[in-house]
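Residue-level structural notes
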Amino acid sequence: MAGRWRDSAPVCSGEQDGGLKLARKLRQQQEPGSDTGDATEPPRGLPRWMRLYFYGMHGVTLDVLLSSLQGLLHSRDPKLMGFSSPYLCIMHSLTHFALEKIYSQKRCFRGRPVVFHLVFYPSIYIGLQILIGNINTLAEQVRVVSGTQLVVHYILALYFSQVFHRELSHLQYRTSFSADLQLEGRPPHGLPGFARFLFFGMHGFLDEVLFTSLFNLVEKSDRTLSGHTSLWSFLMYGSCSFVVEKLYLYLHFSLGWGTWRRLPIYICFIYTWEFSWGLVLRQFNACSWDYSHYPHNFMGLITLLYLPGWICLSLYQDVLSNVLLRIKCTKDVRDLSEENGDVNGQLEPKKKQL
């Protein structure tokens, strides 16, 4: 894109300087917290729909992690299988959203932070988790929570209050990055690479849980919508999506390739990546999939039957990449959020003292 603009028509240096100054000015006005235009406005946090989406994905990740570790302790299965469901994904979205509101009340405990972080918030968190665990069996019998489960819930509550909400409050969302494209011919950097890898890995868990739950519903009439995945999928999906995103940034923004021109490269890389991971994991009896009973398979590790699914995920990958490009983490938000005691970038400045 930038190359076409540069080669379009010759302009004098004065016009170029004026255009660059105008582009810089537009970018400063669009960016929250810049020195002009929006300097007095509070930073814009993540939209509500985005937080709910991330909360559900994060909750599914915790389900898979805890269930796979529990299975590893009992069976020593190298496949590291974990379980969750679309129902639990929705419940996690709603409970995380409720916990966000609870966390925002920590300013009422300014003089007693220990009470909030060690007593009040963990109590609410544990109560919500027990409710989620028993909501399916309330009409029959209430499950008894063991001491070990209470300890795990308490540790997770500390993680949420000390790490999760605080880190999430550092994120800002901008609706567009057109000024960056006009100025430099490329999109902004967005989140760090490690954060993007974590996001793609968690999204891989969500993809597999949704797919396997629907498969179990159609093939086995399992109305519980229970889905499964493997801890190895986190590394496989995280690394694969990370590379595909790099391909998208290069092919789209540098070469100007359209969607259907990029898609065959995505598909070839995905099949190669799945086959390579499966071949290595099979050597350790850790491969969690086997397509030998499906038509058009190769060594039971890949199959053309899943081609429509990979095409849909590849197209959705570009959508996710564009969303992540609009998210950035700034130290300014961190300082303001710690000073005002709010969450998710929704800052309310302190009232002036008379």
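Residues numbered from 1 in each chain as written. Predicted model: local features only at pLDDT ≥ 70, side-chain atom pairs only at ≥ 80, totals over all residues. Heavy atoms only, no water.

**Comments concerning the pattern of salt bridges**
- Enumeration according to the criterion identifies 4 salt bridges in this entry.
- Here R51 and E100 are joined by a salt bridge, their closest N and O atoms 2.9 Å apart. Pair noted here: R51 is in helix 3 (residues 48-75) and E100 is in helix 4 (residues 86-103), with a separation of 49 residues, a long-range link.
- A relative accessible area of 5% means that R51 is categorised as buried.
- Measuring nitrogen to oxygen at the nearest pair gives 3.8 Å for the salt bridge that ties E100 to K101.
- Residue E100 is classed as buried on the basis of its relative accessible area of 3%.
- K101 sits in the partly exposed class, given a relative accessible area of 38%.
- Residues joined by salt bridges that share partners form a network here, namely R51, E100 and K101. (Salt bridge = Lys/Arg side-chain N within 4 Å of Asp/Glu carboxyl O. Helix = DSSP H or I, 4+ residues; strand = E, 2+ residues; numbered from the N terminus. Buried < 20%, exposed > 50% of the residue type's maximum accessible area, 1.4 Å probe, protein only.)

**Brief notes about the packing of aromatic side chains**
- In this structure the tally under the stated criterion is 22 aromatic pairs.
- A centroid spacing of 6.4 Å and a plane angle of 85° characterise the contact between Y103 and Y121, whose relative ring orientation is edge-to-face. Of the two residues, Y103 sits in helix 4 while Y121 sits in helix 5 (residues 113-134), which places them 18 residues apart along the sequence. Taken as a pair, Y103 and Y121 share a single burial class, namely buried.
- Feature note: the residues F54, Y55, Y125, Y159, F160 and F164 constitute an aromatic cluster, connected by ring pairs. (Phe/Tyr/Trp six-rings, centres within 6.5 Å; stacked < 30°, edge-to-face > 60°.)

**Some remarks on the side chain of H96**
- Structurally, the position occupied by H96 is in helix 4.
- A distance of 2.8 Å separates the side chain of H96 from the backbone oxygen of H92, its partner in a polar contact.
- Once residues lying within four places of it in the same chain are set aside, the contact partners of H96 are Y55, H58, G59, F160 and F164. (Polar contact = N/O pair within 3.5 Å; in protein donor to acceptor, adjacent residues only side chain to side chain. Contact = heavy atoms within 4.5 Å.)

**Notes on the packing of helix 9 (residues 231-254) against helix 11 (residues 307-325)**
- At a minimum axis separation of 10 Å, helix 9 and helix 11 run at an interaxial angle of 75°. In terms of orientation, helix 9 and helix 11 fall into the roughly perpendicular class. Of helix 11, the residues touching helix 9 (which contributes Y237, S241, V244, E245, Y248, L249 and F253) are W310, Q317, D318, S321, N322, L324 and L325.
- In terms of residue class, the contact of helix 9 with helix 11 is built from 8 nonpolar, 4 polar and 2 charged. (Axes fitted to C-alpha atoms, helices over the stretch in contact; angles between N-to-C directions. Parallel < 35°, antiparallel > 145°, perpendicular 65-115°, else oblique. Nonpolar A, V, L, I, M, F, W, Y, C, P; charged D, E, K, R; others polar.)

**Side note on the confidence of the model for the protein**
- The predicted model of the protein has a mean per-residue pLDDT of 80, with 74% of residues at 70 or higher.
- Note that residues 332-341 has pLDDT below 50 and, in this model, 22 contacts with residues that lie over four places away or in other chains.
- Within the model, the stretch residues 347-354 combines pLDDT values under 50 with 11 contacts to residues more than four positions away or in other chains. (pLDDT = per-residue confidence, 0-100.)

**Here's the deal with the nonpolar core**
- Counting 39 residues, the largest nonpolar core has L46, F54, Y121, Y125, L168, F199 and I327 as its most contacted members.
- Elements that contribute at least two residues to this core include exactly helix 3, helix 4, helix 5, helix 6 (147-168), strand 2 (171-173), helix 8 (193-220), helix 9 and helix 11.
- Beyond its immediate stretch of four places on either side in the chain, Y125 contacts L99, H153, L156, A157 and F160.
- Residues Y237, C240, F275 and L301 belong to the second largest nonpolar core, which totals 24 residues. (Core = buried A, V, L, I, M, F, W, Y, C linked by side-chain atoms within 4.5 Å.)

**Focus on the environment of H203**
- Position of H203 among the secondary structure elements: in helix 8.
- H203 sits 149 residues away from F54 along the chain, and the two C-alpha atoms are 9.0 Å apart.
- Setting aside chain neighbours within four positions, we find H203 in contact with Y53, M57, Y316 and L320.

**Regarding helix 11**
- When the terminal C-alpha atoms of helix 11 are compared, their 27 Å separation across 19 residues agrees well with the 27 Å that a helix rising 1.5 Å per residue should span.
- Three or more residues of helix 11 are buried, namely W310, S314, Q317, D318, L320, S321, V323, L324 and L325.
- Turning to helix 11, the residues buried within the fold contact helix 3, strand 2, helix 8, helix 9, helix 10 (259-282) and strand 6 (327-329). (Expected span 1.5 Å × (residues − 1).)

**Here we look at unusual backbone geometry**
- Backbone geometry places R76, a non-glycine residue, at a positive phi of 55°.
- The topology assignment puts R76 in the loop between helix 3 and strand 1 (81-84).
- The backbone of L225 sits at a positive phi, close to 55°, despite the residue not being glycine.
- Looking at the element boundaries, L225 is found in the loop between helix 8 and strand 3 (227-230).

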